[in-house]
Amino acid sequence: MKILLSRPHMSGYEMKYVEEAFSTNWVAPLGPNVDGFEQEMATYVDHSFTLATSSGTAALHLALLLLGVERGDSVFCQSLTFVASVNPIRYVGANPVFIDSEDATWNMSPQALRKALVQAATKGKLPKAVIVVHLYGVVAKVGEIRHICQEFGVPLIEDAAESLGATWKGQMTGTIGDFGFYSFNGNKIITTSGGGMLLVRSESERQHGLKLATQARERVHYYEHNEVGYNYRLSNVSAGIGRGQLQVIEQRVQARRRVFMRYERLFRPLGFTYQEEIPHSRANRWLTALQLNQTDMSRDVLIDRLANSGIESRAVWKPMHLQPVFKDAEYVTVDGEDVSRRLFENGICLPSGSDLKIGEQHQVIRTVLETQSVIAEKTV
Ligand SMILES: *Cc1c(COP(=O)(O)O)cnc(C)c1O
């Protein structure tokens, strides 16, 4: 592959922090970069309680532990997402209930959520949490969703792994719900080579999360443990990379948005559809995802044609209710139409990196247009 979906894109500021870690021998976990990265993230997203973790998955696991989710509980989660939004539900022994998407943003449908909560309330067993995802960096209908969660008294967790820098009514995604988290995996909008950040509600919750992330040591002179802990802290070297990356986050958002706008403009004659920005929101357009018109070009044909031209593309996430590992889980749609399945079957993500050259993007666009015209000729 010559043109990749989303490459790590260094700013040039990372080595200063990494070298500092080496020269001061803070190569071991923890150290000044971890504290610095947490504080700088807190400033950037305007939220007081940040906890750096070894991954986004670890951050979500900690959120569920802090909420006391246990074996036999249920947790509602958007079905159309990456599996890491759901796996931690199983880590704590709880059962996921999957919620369908709506057509505008492709994220959790507020109507389907309400229906699922009404059903759960009738059975007398509300979920311990709701997990909403801002897929590909497009803001979910998070105001409505938060309102519904508050009505039923269920905490809301925002999976903002893909949406750092995306906003709703001036607030950063990740800070709107009760808990939120980001991922700094290698393919995300900024990276620490691997890492995450959890946002919690209070300093005491942060302290508890920190304890759980560091093997749950009690504050005594010997090793004493009253609860099961984890090794989930971000390393000081990784945090140094994150500090260098965070300095250019706004440029990265602008670059990905420009990539999206160019695709959208040049594909206009083809009638594709895209995730929409709801009023007062700004997407970071981490990946440009689009819906092909069902009749013309099949997703898999296009993925193969692109691959033959050295271009990486990817099907939209396969919904969780269609995954064999979650085959026993409940799935709630508004009226029986399976929206997330349709979005998956016709959905494709195109190269969207912030360092994608204009020439490279035109190569992607040309290949898509050529594939379309070959298919159009065949059907005449
Ligand atoms: C990347 C991602 C995660 C997990 O983050 P990691 O840092 O890779 O553990 C969770 N949810 C979504 C939607 C993601 O894209």
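Residues numbered from 1 in each chain as written. Predicted model: local features only at pLDDT ≥ 70, side-chain atom pairs only at ≥ 80, totals over all residues. Heavy atoms only, no water.

## Quick word on helix α5 (residues 110-122)
The terminal C-alpha atoms of α5, which comprises 13 residues, lie 18 Å apart, in line with the 18 Å expected from a rise of 1.5 Å per residue. By the burial criterion, the buried members of α5 are Pro110, Ala112, Leu113, Ala116, Leu117 and Ala120. Each buried residue of α5 lies within a common arc of 160 degrees when the element is viewed along its axis, so the set occupies one face. The exposed residues of α5 that point more than 90 degrees off its buried face are Gln111 and Thr122. For α5, the secondary structure elements touched by its buried residues are β2 (74-78), β3 (95-99), β4 (129-133), α6 (142-152) and β14 (330-332). (Helix = DSSP H or I, 4+ residues; strand = E, 2+ residues; numbered from the N terminus. Expected span 1.5 Å × (residues − 1). Buried < 20%, exposed > 50% of the residue type's maximum accessible area, 1.4 Å probe, protein only. Arc of directions from axis to C-beta. Contact = heavy atoms within 4.5 Å.)

## A few points about the packing of aromatic side chains
Scanning the entire structure with this criterion turns up 9 aromatic pairs. Between Phe98 and Phe326, the aromatic rings sit 5.6 Å apart at their centres with planes inclined by 65 degrees, giving edge-to-face as the arrangement. Of this pair, Phe98 sits in strand β3 while Phe326 is found in the loop between β13 (314-315) and β14, placing the two residues 228 residues apart along the sequence. An aromatic cluster of at least three residues, connected via ring pairs, comprises Phe82, Tyr136, Trp286 and Trp317. The cationic tip of Arg285 hangs over the ring face of Phe260; the distance from NZ or CZ to the ring centre is 3.6 Å. One residue, Arg299, lies across the ring of Phe344, its end atom 4.7 Å from the ring centre. (Phe/Tyr/Trp six-rings, centres within 6.5 Å; stacked < 30°, edge-to-face > 60°. Lys NZ or Arg CZ within 6 Å of the ring centre and 35° of its normal.)

## A look at the packing of α5 against α6
Put simply, α5 and α6 touch, their axes get as near as 10 Å, and they point 10 degrees apart. If you check the angle between α5 and α6, you find them roughly parallel. In this structure, α5 contributes Pro110, Leu113, Arg114, Leu117, Val118 and Ala121 to the contact, and α6 contributes Glu144, Ile145, Ile148, Cys149, Glu151 and Phe152. Here the contact of α5 with α6 is built from residues that sort into 9 nonpolar, no polar and 3 charged. (Axes fitted to C-alpha atoms, helices over the stretch in contact; angles between N-to-C directions. Parallel < 35°, antiparallel > 145°, perpendicular 65-115°, else oblique. Nonpolar A, V, L, I, M, F, W, Y, C, P; charged D, E, K, R; others polar.)

## Focus: the sheet that holds strand β15 (residues 347-350)
Pairing between sheet strands relies on hydrogen bonds along the backbone, with the strands arranged either parallel or antiparallel. Spatial ordering of the open sheet is given by β10-β12-β15-β13, a layout of 4 strands whose pairing is antiparallel. Every other strand in the sheet has two partners, leaving β10 (273-274) and β13 as the edge strands with one partner each. In this sheet, β15 lies alongside strand β12 (residues 288-291) in antiparallel orientation, the contact comprising 4 bridges. Bridging across to β15, Gln291 finds its partner in Gly347. The sheet contacts of helix α10 (residues 299-308) involve β13 and β15, and relative to β15 the element is tilted by about 20 degrees. (Pairing = 2+ DSSP bridges.)

## Concerning the domain arrangement of the chain
Under the domain assignment used here, the chain contains domain 1 (14-246) and domain 2 (249-379). One C-alpha centre belongs to domain 1, the other to domain 2, and the line joining them spans 26 Å. At the interface, 48 residues of domain 1 touch 46 residues of domain 2. When the two sides are added together, the surface that domain 1 and domain 2 hide from each other amounts to roughly 4,000 Å², 60% of it contributed by carbon and sulfur. Looking only at domain 1, the three residues that lose the most surface to domain 2 are Trp106, Tyr136 and Ile189, adding up to 21% of its buried area. Taken together, the connections running from domain 1 to domain 2 amount to 1 salt bridge. A salt bridge links Arg342 to Asp103; the shortest N-O distance between them is 3.0 Å. In this assembly, domain 1 and domain 2 are joined by 25 residue pairs in polar contact (both at pLDDT 80 or more). Listed by contribution, the elements that provide at least two residues to the side of domain 1 that touches domain 2 are α4 (87-91), β3, α5, β6 (167-168) and α8 (236-246). (Domains from an automatic or database assignment. Buried area = accessible area lost by both parts, 1.4 Å probe. Salt bridge = Lys/Arg side-chain N within 4 Å of Asp/Glu carboxyl O. Polar contact = N/O pair within 3.5 Å; in protein donor to acceptor, adjacent residues only side chain to side chain.)

## Topic: the site of the ligand
The immediate surroundings of the ligand are formed by 15 residues, with Thr57, Asp159, Glu162, Ser183 and Lys188 found nearest. Between the ligand and the protein, one listed contact pairs an oxygen atom with a backbone N or O atom of Gly56 at 2.8 Å. Contact between the ligand and Glu162: an oxygen atom at 2.5 Å from a side-chain N or O atom of the residue. Taken by itself the ligand offers 380 Å² of open surface, and the protein chains cover 93% of this. (Near = heavy atom within 4 Å. Areas by Shrake-Rupley, 256 points an atom, 1.4 Å probe, with all protein chains shown as cover.)

## Things to note about the environment of Ala255
If you trace the backbone, Ala255 turns up in helix α9 (residues 249-266). Assessed through its relative accessible area of 11%, Ala255 is described here as buried. It is 41 Å that separates the C-alpha atoms of Ala255 and Gly93, two residues lying 162 residues apart in sequence.

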